[in-house]
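One-letter residues, chain by chain:
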Amino acid sequence: MTDSPLKIRPTEACRWDVAALGEVMLRLDPGEGRVRTARRFDVWEGGGEYNVARALAKGFGRRAAIVTALPRNDLGLLVDDLMAQGSVDRRHVVWRDWDGVGRNTRVGLNFTERGFGVRPAKGTSDRANSAASQLRPDEVDWARLFGAEGVRWFHTGGIFAALSETCAETALAAVQVARAHGVIVSFDLNYRASLWSAHADPEAARRFGREIARHVDVMIGDAWGFRQCLGLEVDPGADLDVAAETYAREFPDVRIVAATRRRAETAGRNDWAAAAWCDGSTVRSTARPGLEVLDRVGGGDGFVAGLAHALLDGRDLQAAVEWGAAHGALAMTTPGDAAMVDAAEVEALVAGADARSLR
């Protein structure tokens, strides 16, 4: 555990092992049914950036905090309670007064079907004008979070940045201050054309993406995302080593570029693997062809959480990619965005454990 590619602040110097910035929505899940015919839903909390912090807190025992915004109403309080159950600290949540109807602010909703066989998983978002989409850089005391309190690892991503112009500005301000305080910054591109298309500036994704990328230590993304979101001249189907070399030439301060590789044979059977690049070399995880999937949403976030946990532990990049891929695989065996596994289960899978009953 002496070959870590990152210089991470020591545990005793920081209040938080990880802090995340992003929207936390209510996920409404019809189980095995369809949203269009549902009569009841299971309710979960979720959001790309939050999922990473929650997994690190609940599954790996890390000290985690979330930066987000919520309306001061019963739905906001429900999200807050769910985050508390996820062991994520909420002292940096921005609370907004609610007008009683939701014209001024609201909780974002995400209706998610798991899919089955040839019917793919499907998400339907209802998140316009959400509290988090209104976040501004000056609403968060970044100096307190990254300086006075101290953070070892900060994570945010392209889904949050795409919600509004002010969200993109907030993400940029956060990564700038985090980097200035010696915090490891990870960013998941998670490019969504449908979100960025709402911006007045058609080049907003590339404009903000490139500015944010200059302050990122660990970039999560692939060739297609680099081309679409950063404007890099790379074949969208290129393997990670080619894409990462192209990325590093443009953004030389990056330390790690990582991505998952998934091919969906059916909604419930996916080929699953991951890889990471550092200093010109690429390492790859154990491949899991035909991985059986209960709920694919959150698998990528599970990968990021496992990767970050191993690197925070001081493990080398090969071990970190194995932990990330294993955690992502396990996260897809349970319903909801959030992983319901712990470090011992991930470690066992990394070591080659099978699916025999534990008694």
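The structure reproduced in this document is the subject of the present report. Keep in mind it's a predicted model, so treat the numbers as computed, not measured. (Residues numbered from 1 in each chain as written. Predicted model: local features only at pLDDT ≥ 70, side-chain atom pairs only at ≥ 80, totals over all residues. Heavy atoms only, no water.)

Description of the overall build of the protein
A tally of helices and strands in the protein yields 12 helices and 15 strands. Its C-alpha atoms give the protein a radius of gyration of 19 Å, within 12% of the compact-globule value 21 Å for 359 residues. Along the three orthogonal principal directions, the C-alpha set of the protein runs to about 55 × 45 × 40 Å. Classification of the 359 residues of the protein by burial places 57% in the buried group. In the protein, once contacts between residues fewer than 6 apart in sequence are set aside, the share between residues at least 24 apart is 69%. In the structure as shown, the protein presents an accessible area of about 15200 Å², 49% of it carried by carbon and sulfur atoms. (Helix = DSSP H or I, 4+ residues; strand = E, 2+ residues; numbered from the N terminus. Rg over C-alpha atoms; globule rule 2.2 N^0.38 Å. Buried < 20%, exposed > 50% of the residue type's maximum accessible area, 1.4 Å probe, protein only. Contact = heavy atoms within 4.5 Å. Areas by Shrake-Rupley, 256 points an atom, 1.4 Å probe, with all protein chains shown as cover.)

A look at the nonpolar core
With 60 residues, the main nonpolar core has Leu-21, Trp-142, Phe-154, Met-219, Phe-226 and Tyr-247 as its most contacted residues. Among the elements that line this core, the one with the most residues is helix H5 (residues 165–180), at eight residues. Dropping the residues within four chain positions of it, Tyr-247 is found in contact with Ala-213, Met-219, Phe-226, Leu-230, Leu-232, Val-254 and Val-257. Counting 59 residues, the second largest nonpolar core, distinct from the first, contains Ala-20, Trp-153, Trp-272 and Leu-330. (Core = buried A, V, L, I, M, F, W, Y, C linked by side-chain atoms within 4.5 Å.)

So, the pattern of salt bridges
By the definition in use, this model includes 31 salt bridges. Ionic pairing is found between Arg-72 and Asp-97, a salt bridge with its closest N-O pair at 3.8 Å. One end of the pair, Arg-72, is in the loop between strand E5 (69–71) and helix H2 (74–85); the other, Asp-97, is in the loop between strand E6 (94–96) and strand E7 (109–113), and 25 residues separate them in sequence. A residue is classified by how much of its surface remains accessible, and Asp-97, at 59% relative accessible area, is exposed. In the salt-bridge network here, residues are joined through shared partners; they are Arg-27, Asp-29, Arg-114, Asp-295 and Asp-337. (Salt bridge = Lys/Arg side-chain N within 4 Å of Asp/Glu carboxyl O.)

Points about helix H10 (residues 299–312)
For the α-helix, the turn length of 3.6 residues means that residues three or four positions removed from each other point alike. In this model H10 runs 20 Å from its N-terminal to its C-terminal C-alpha over 14 residues, within 8% of the 20 Å that 1.5 Å per residue would give. In terms of burial, H10 is largely enclosed, as 13 of its 14 residues are buried. (Expected span 1.5 Å × (residues − 1).)

Examining the packing of aromatic side chains
This structure, assessed with the given rule, holds seven aromatic pairs. Seen from their ring centres, Tyr-247 and Phe-251 are 4.9 Å apart, and the 40° between their planes marks the pair as tilted. The pair Tyr-247 / Phe-251 is uniform in exposure class, with both members buried. Aromatic rings pair up to connect Trp-142, Phe-146 and Phe-154 into one cluster. Just above the ring of Trp-16 sits the side chain of Arg-15; from NZ or CZ to the centre is 4.0 Å. (Phe/Tyr/Trp six-rings, centres within 6.5 Å; stacked < 30°, edge-to-face > 60°. Lys NZ or Arg CZ within 6 Å of the ring centre and 35° of its normal.)

Details of the packing of helix H3 (residues 142–150) against H5
Interhelical geometry of H3 versus H5 gives an angle of 25° and a closest axis separation of 10 Å. Judged by the inter-axis angle, H3 sits roughly parallel to H5. Here the hand of the crossing between H3 and H5 comes out right-handed. Within the contact between the two elements, H3 uses Trp-142, Ala-143 and Phe-146 and H5 uses Thr-170, Ala-173, Ala-174, Val-177 and Ala-178. (Axes fitted to C-alpha atoms, helices over the stretch in contact; angles between N-to-C directions. Parallel < 35°, antiparallel > 145°, perpendicular 65-115°, else oblique. Left-handed = near helix turned anticlockwise from the far one by under 90°.)

With respect to the sheet that holds strand E8 (residues 122–126)
Whether parallel or antiparallel, the strands of a sheet pair through hydrogen bonds between backbone atoms. On the basis of which strands lie adjacent, the open sheet formed by four strands has the order E3-E2-E7-E8 and mixed pairing. The outermost strands of the open sheet, each flanked by one partner alone, are strand E3 (42–46) and E8. Averaged over all pairs of adjacent strands, the angle between their axes in this sheet comes to 25°, without regard to strand direction. As paired strands, strand E2 (residues 25–29) and E7 are joined by three bridges and run parallel to one another. Residue pairing across strands places Leu-28 opposite Phe-111, the latter belonging to E7. (Pairing = 2+ DSSP bridges.)

Side note on the pairing of E7
Within E7, five of the five residues are buried, leaving the element largely enclosed by the surrounding structure. Where burial is concerned, the two faces of E7 agree: the one with Leu-109, Phe-111 and Glu-113 and the one with Asn-110 and Thr-112 are both buried. Bridge count for E7 against E8 is five bridges, and the pairing is antiparallel. The residue of E8 that forms the bridge with Asn-110 is Ser-125.

Considerations on the packing of helix H11 (residues 317–331) against helix H12 (residues 343–350)
Between H11 and H12, the shortest axis-to-axis distance is 9 Å and the interhelical angle comes to 115°. One element, H11, and the other, H12, form an angle in the roughly perpendicular class. Read as a crossing pair, H11 and H12 show a hand that is right-handed. For the pair H11 and H12, the contacting residues are Glu-322, Trp-323, Ala-326, His-327 and Leu-330 in the first and Ala-343, Glu-345, Val-346, Glu-347, Leu-349 and Val-350 in the second. For the contact of H11 with H12, the per-class residue count stands at seven nonpolar, one polar and three charged. (Nonpolar A, V, L, I, M, F, W, Y, C, P; charged D, E, K, R; others polar.)

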